[in-house]
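Remarks on the overall topology
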Amino acid sequence: MQLVFDTEQEDLRRAVRRFLENEVPLSAVRTLMDTPDAHDPAIWRRMAEELGLQGLLVPEEHGGSGAGFVELAVVSEEMGRAVLPGPFLSTAVLAVSAVLDAGDDEAAKDLLPGIADGSTIATLAVTEAAGRWELEATEATAQASGQGWALHGVKDFVPDGVLAGLLLVVARTDAGLSLFAVDGTAAGVTRTARPTLDQTRPLARIELDGAPARLVGTDGAAGDTVARTLEKAAVALALEQVGGAQAALDMAVAYAKQRVQFGRVIGSFQAIKHKAADVMLKVESARAAAYYGAWAVAAASDEVPAVASLAKAYCSDAYFAAAAENIQIHGGIGFTWEHDAHLHLKRAEATRLWLGDPSWHRARLADAIGV
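Computed from a prediction, not measured in an experiment: that's the story for all the values here. (Residues numbered from 1 in each chain as written. Predicted model: local features only at pLDDT ≥ 70, side-chain atom pairs only at ≥ 80, totals over all residues. Heavy atoms only, no water.)

Quick word on the environment of Ile-206
Going by this rule: Where helices and strands are cited, they refer to DSSP runs of H or I of at least four residues and of E of at least two residues respectively, numbered from the N terminus. Working definition: with a 1.4 Å probe on protein chains only, accessible area under 20% of the residue-type maximum means buried, over 50% means exposed, and in between means partly exposed. Contacts are assigned to residue pairs that have any heavy atoms within 4.5 Å of one another.
One can find Ile-206 in strand β7 (residues 203–216). By relative accessible area, Ile-206 is classed as buried at 2%. Those residues within four positions of Ile-206 in sequence are excluded, and the remaining contacts are Gly-153, Val-154, Lys-155, Val-158, Gly-161, Leu-167, Val-189, Thr-190 and Arg-191.

In structure tokens, the structure reads:
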């Protein structure tokens with residue numbers, strides 16, 4: 001397993017970073033935070049048409065580039081660095097992976113082209129009122145109805161759940177856990193926006209009252225397939241956290257080099273040096289864990305369940321530490337709404353909880369390695 005990027009992958013990184021710096025700077029992030037969906041349709045369309053980002057994991061026969069998870073890792077890290085709002089993770093990672101992992105060729109043929117060309121926004125609805133990520137906690141049900149299925153129950157804390165036109169819902173049938181595709185505007189679907197700490201990533205409560213649905217994959221097989229999807233998403237989120245942690249560190253170091261106190265820049269004080277050095281160690285360690293996770297997913301390694309939880313747990317803590325120390329190094333200005341430091345702190349705290357918090361993932365890691 002070679003933990004280095006090739007020339008094409010580094011070119012992709014530069015192209016994505018340039019696009020995000022020019023089109024979605026932090027000032028634009030703030031503007032999008034004030035919109036209900038934290039989404040700019042024009043930017044979303046350009047991401048698909050100019051960069052092909054939504055189709056990175058989509059096979060070529062379904063309109064994507066079939067680039068693979070390492071390329072997605074590069075893009076995810078850059079998006080985390082930019083604190084990019086919008087439904088990329090829910091659509092291009094969760095939804096695409098859920099369809100592909102289900103092994104349903106007809107569903108892939110019907111659902112993935114729209115995601116790849118940017119016309120479809122999708123999400124995966126797993127958690128319910130308790131907010132638990134264990135698939136065994138699923139209480140939503142599905143019953144056969146004519147030529148299709150009807151879903152009943154409530155899904156909660158669904159990323160981009162109000163915005164998404166395609167909902168992939170985990171529900172129980174007589175055969176077990178299954179995955180269903182639901183039109184977000186269908187009768188029997190009620191979507192309500194949730195207040196969130198991180199305004200760049202909206203969440204929703206989705207009530208299903210006989211909502212018409214299409215089975216994706218094999219009835220009763222979603223316990224295994226969606227588990228794999230969530231492992232991949234955990235690695236992608238860890239990569240976002242690495243990008244955000246590096247950006248927070250860069251912000252702190254830049255400020256420490258120009259802020260003068262007691263006649264000298266504060267970066268010359270030993271206490272500030274210690275803070276920056278400690279954060280750098282955490283960021284580099286997080287990067288190693290996340291990169292290893294990305295290559296493990298790309299290689300379809302048996303290690304994925306363990307390394308996905310390792311990466312998510314460590315990167316969550318590293319990002320929060322970097323974001324918190326960034327505020328401390330900035331001092332009073334770092335606590336204000338006008339400064340951008342709080343964007344990373346909110347994203348760091350929200351992503352610590354999403355897809356399972358560090359304690360939950362450490363327990364899963366212990367189980368995976370037999371401790």
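Section: empty space enclosed by the protein
As a reminder, the rule being used: Here a cavity is any set of points on a 1 Å grid over the protein atoms alone where a 1.4 Å probe fits but cannot get out, and a pocket is any open set with protein on both sides within 12 Å along at least 5 of 7 lines; a residue lines the site when it has an atom within 4 Å of a point. Grid points are joined across faces, edges and corners, and a volume is the space filled by probe spheres set on the points. When residues are grouped by polarity, Ala, Val, Leu, Ile, Met, Phe, Trp, Tyr, Cys and Pro land in nonpolar, Asp, Glu, Lys and Arg in charged, and all others, Gly among them, in polar.
As enumerated under the stated definition, the model contains three cavities of 30 Å³ or more in all. The computed volume of the largest cavity comes to approximately 80 Å³. Looking at the largest cavity, the residues that line it are Leu-32, Ala-38, His-39, Asp-40, Ile-43, Trp-44, Met-47, Leu-84, Pro-85, Gly-86, Pro-87 and Phe-88. The dominant element in the lining of the largest cavity, judged by the number of residues it contributes, is helix α3 (residues 41–51), at three residues. Here the lining of the largest cavity is composed, by residue class, of nine nonpolar, two polar and one charged.

Overview of the nonpolar core
Threshold: Throughout, nonpolar core names a set of buried Ala, Val, Leu, Ile, Met, Phe, Trp, Tyr and Cys residues whose side chains join them through atoms within 4.5 Å.
Among the nonpolar cores identified, the biggest contains 99 residues, and Phe-88, Leu-124, Leu-168 and Leu-179 are the most heavily contacted of them. Residue contacts for Leu-124: discarding those within four places in its chain leaves Ser-90, Leu-94, Ala-98, Val-158, Pro-159, Leu-168, Val-170, Leu-179, Val-226, Thr-229 and Leu-230. Judged by nonpolar contacts, the second largest core, of nine residues, contains Ala-248, Leu-249, Tyr-319 and Ala-348.

Digging into the UniProt feature "domain: Acyl-CoA dehydrogenase/oxidase N-terminal" (unreviewed entry) in the protein
Where we set the bar: UniProt positions are given in the numbering used here, feature names are shortened, and annotations may be inferred rather than shown by experiment.
According to UniProt, the positions carrying the feature "domain: Acyl-CoA dehydrogenase/oxidase N-terminal" (unreviewed entry) are residues 7–118. As a span, residues 7–118 carries 69% helix and 0% strand, and end to end its C-alpha atoms are 26 Å apart.

A look at the packing of helix α9 (residues 304–330) against helix α11 (residues 358–368)
As a reminder of what qualifies: Interaxial angle, 0 to 180 degrees, is taken between N-to-C directions of lines fitted to C-alpha atoms, where a helix line uses only the stretch in contact. To sort the angles, those under 35 degrees are grouped as roughly parallel, those over 145 as roughly antiparallel, those from 65 to 115 as roughly perpendicular, and the leftovers as oblique. Should the near helix be turned anticlockwise from the far one by less than a right angle, the crossing is left-handed, and should it be turned clockwise, the crossing is right-handed.
At a closest axis distance of 8 Å, the pairing of α9 and α11 adopts a crossing angle of 150 degrees. One way to sum up the angle between α9 and α11 is to call them roughly antiparallel. Viewed along their axes, α9 and α11 form a crossing whose handedness is left-handed. Within the contact between the two elements, α9 uses Ala-306, Ser-309, Leu-310, Lys-312, Ala-313, Ser-316 and Asp-317 and α11 uses Pro-358, His-361, Arg-362, Arg-364, Leu-365 and Ala-368.

Looking at the pairing of strand β3 (residues 148–159)
Cut-off, in case you're wondering: At least two bridges found by DSSP between two strands are what make those strands a pair.
Relative to β3, strand β2 (residues 141–145) runs antiparallel, the two sharing five bridges. Paired with Ser-145 across the two strands is Gly-148, which belongs to β3. In sequence, β2 turns back onto β3 through a hairpin of two residues, with Gly-146 there showing a positive phi of about 65 degrees. Of the strand pairs in this sheet, β3 and β7 are connected by nine bridges, and their pairing is antiparallel. From the neighbouring strand, Val-158 faces β7, where its bridge partner is Ala-204.

Some thoughts on the layout of surface pockets
One number sums up the size of the largest pocket: a volume of about 460 Å³. Taken together, 20 residues form the lining of the largest pocket, with Phe-157, Leu-203, Ala-350, Leu-353 and Trp-354 sitting closest to its centre. With three residues, helix α10 (residues 341–353) is the single largest residue contributor to the lining of the largest pocket. Per-class residue counts for the lining of the largest pocket are nine nonpolar, five polar and six charged. The calculated volume of the second largest pocket comes to roughly 320 Å³. Together, 17 residues line the second largest pocket, and Ala-227, Leu-230, Glu-231, Trp-360 and Arg-364 are the ones closest to its centre. Put simply, the parts of the chain that give the lining of the second largest pocket at least two residues each are α7 (222–258), α9 and α11. For the lining of the second largest pocket, the per-class residue count stands at 10 nonpolar, two polar and five charged.

Here we look at the packing of aromatic side chains
We apply this condition: Any two rings among Phe, Tyr and Trp, with Trp reduced to its six-membered ring, count as a pair given centres within 6.5 Å; such a pair is stacked if its planes are under 30 degrees apart, edge-to-face if over 60, and tilted if neither. Charge-over-ring placement is defined geometrically: NZ (Lys) or CZ (Arg) within 6 Å of the ring centre, and within 35 degrees of the ring normal.
Within this structure, the stated rule accounts for five aromatic pairs. Ring centres of Phe-5 and Trp-295 lie 5.0 Å apart, and the angle between their planes is 40 degrees; on these two criteria the pair is classed as tilted. Residue Phe-5 is found in the segment before α1 (7–23), and its partner Trp-295 is found in helix α8 (residues 270–298); the two are separated by 290 residues along the sequence. For the pair Phe-5 and Trp-295, one class covers both residues: buried. Taken together, the ring pairs connect Phe-5, Tyr-291 and Trp-295 into an aromatic cluster. The ring of Trp-337 has Arg-30 sitting right over it, with the charged end atom 5.8 Å from the ring centre. One cation-aromatic arrangement involves Arg-352 over Phe-320; the distance from NZ or CZ to the ring centre is 5.7 Å.

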